[in-house]
Amino acid sequence: MLLLAPGFAFSAPLVPPPGFAKILAKTVSGKCIALPAPYTGSLNFPSKYEGSDSARATLNPEAEQAFRAQTKQIVDFERGISTMVWRYKRSGDPATLTCLLRGYRDWAKAGALTSTQTNHTGRSMRKWALATLATGWLELKFMPRSMPDDTADIDRWLSLLADQVVKDWDGLALSKTNNHSYWAAWSVMATSVAVNRQDLFDWSLKEYRIAAGQIEADGTLPNERQRRQRATAYHNYALQPLVMIASFAQANNKDVMQENNHALIRLARYVLQHDKSHLEWLEPYCTLIKCDNVTITLRDNSRPLSNRRLGGDLTVLYGNQ
């Protein structure tokens, strides 16, 4: 029966980059954060750019306020989980782990975030949340101490979310494949390692190769250029999940840096020339290639670098590799 089950090929278990299993000094106390109730409603949310033209570059203040209010429950859960994961990593406090497991399990039992009543913004929220939750879960599972045995329900829920993200974003026309698809691929990649599913890992690599194929000779992405005054910011945003996918691929002996004649390097160079506002991606990037001294100085002067949807404290995760 195992031969027929998806994701159970006889291959080496999937692993994260080594920093995700690093033993950290116990420098803080534990903390149990009150988490919101599971979000089980439809995933139909207003876009922050509602009413904008085709460039979707003009924020709508009223729509943004509605978006933030309607998604607050999800975002607060993300933030609470990420904060507690790092509190636990830095404290080893068993009470914090208990709080984490309770939070994951409550949302898993409720089937949170699994609604098929969605719009584009709702599907985006699902994969963003999954990126946080899957990276947090894999960090707990790969810590050098045993997890409780009864966590299969959480694995099933994260797998279900990843399967739905694949359905949400698979097979899009190239004209509609942009940073959202890349973030979907990253959330699925993180889940694949957390639950050890090769099929999800392979889908993420497929999406990465599509993304790399979109990167042009000058390092730009045509669908991000369409964002006009926000184009450089969206190139930066598109780069972040692609670097993480490449990092996780490398950890599992897959070299994707060669794709489309080193396309990721071209995109990174373009971003460094035009937008230095968010540099979290430099931590994993400089483990993929030998960064020059200017880039290393820029990275070091920007530390600590953190992003909950990429795994939290990226300086800790990648800083000594």
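Residues numbered from 1 in each chain as written. Predicted model: local features only at pLDDT ≥ 70, side-chain atom pairs only at ≥ 80, totals over all residues. Heavy atoms only, no water.

**With respect to the packing of aromatic side chains**
Logical step 1: One pass over the structure, following the stated rule, counts nine aromatic pairs.
Logical step 2: The interplanar angle of 50° and the centroid separation of 5.9 Å between the aromatic rings of Tyr39 and Phe45 together place this pair among those described as tilted.
Logical step 3: Taken together, the aromatic side chains of Phe20, Trp186, Phe248 and Tyr318 make up a single cluster linked through ring pairs.
Logical step 4: In this arrangement the basic side chain of Lys89 is found over the ring face of Trp86, its NZ or CZ atom lying 4.7 Å from the centre.
Logical step 5: Its guanidinium or amino end placed over the ring of Tyr234, Arg227 lies 4.1 Å from that ring's centre, counting from NZ or CZ. (Phe/Tyr/Trp six-rings, centres within 6.5 Å; stacked < 30°, edge-to-face > 60°. Lys NZ or Arg CZ within 6 Å of the ring centre and 35° of its normal.)

**Digging into helix H1 (residues 61–91)**
Logical step 1: The sharpest bend along H1 comes to roughly 60°, located at Lys72.
Logical step 2: A positive phi of about 65° marks Gly92, the residue just after H1. (Bend = angle between axes of the 7 residues up to and from the residue. Helix = DSSP H or I, 4+ residues; strand = E, 2+ residues; numbered from the N terminus.)

**Here's the deal with the environment of Gly219**
Logical step 1: Along the polypeptide, Gly219 turns up in the loop between helix H6 (198–214) and helix H7 (222–225).
Logical step 2: Sequence separation between Gly219 and Leu158 is 61 residues; the distance between their C-alpha atoms is 34 Å.
Logical step 3: In contact with Gly219, not counting residues within four places along its chain, are His235, Arg266, Leu267 and Tyr270. (Contact = heavy atoms within 4.5 Å.)

**Side note on unusual backbone geometry**
Logical step 1: At the junction of Arg303 and Pro304, the peptide bond is cis and its omega measures out at 0° in the coordinates.
Logical step 2: Counting through the fold element by element, Pro304 comes out in the loop between helix H11 (293–302) and strand S1 (306–307).
Logical step 3: For Asn253, which is not a glycine, the phi torsion comes out positive at approximately 65°.
Logical step 4: Locating Asn253 in the fold gives a position in the loop between helix H8 (231–251) and helix H9 (259–274).

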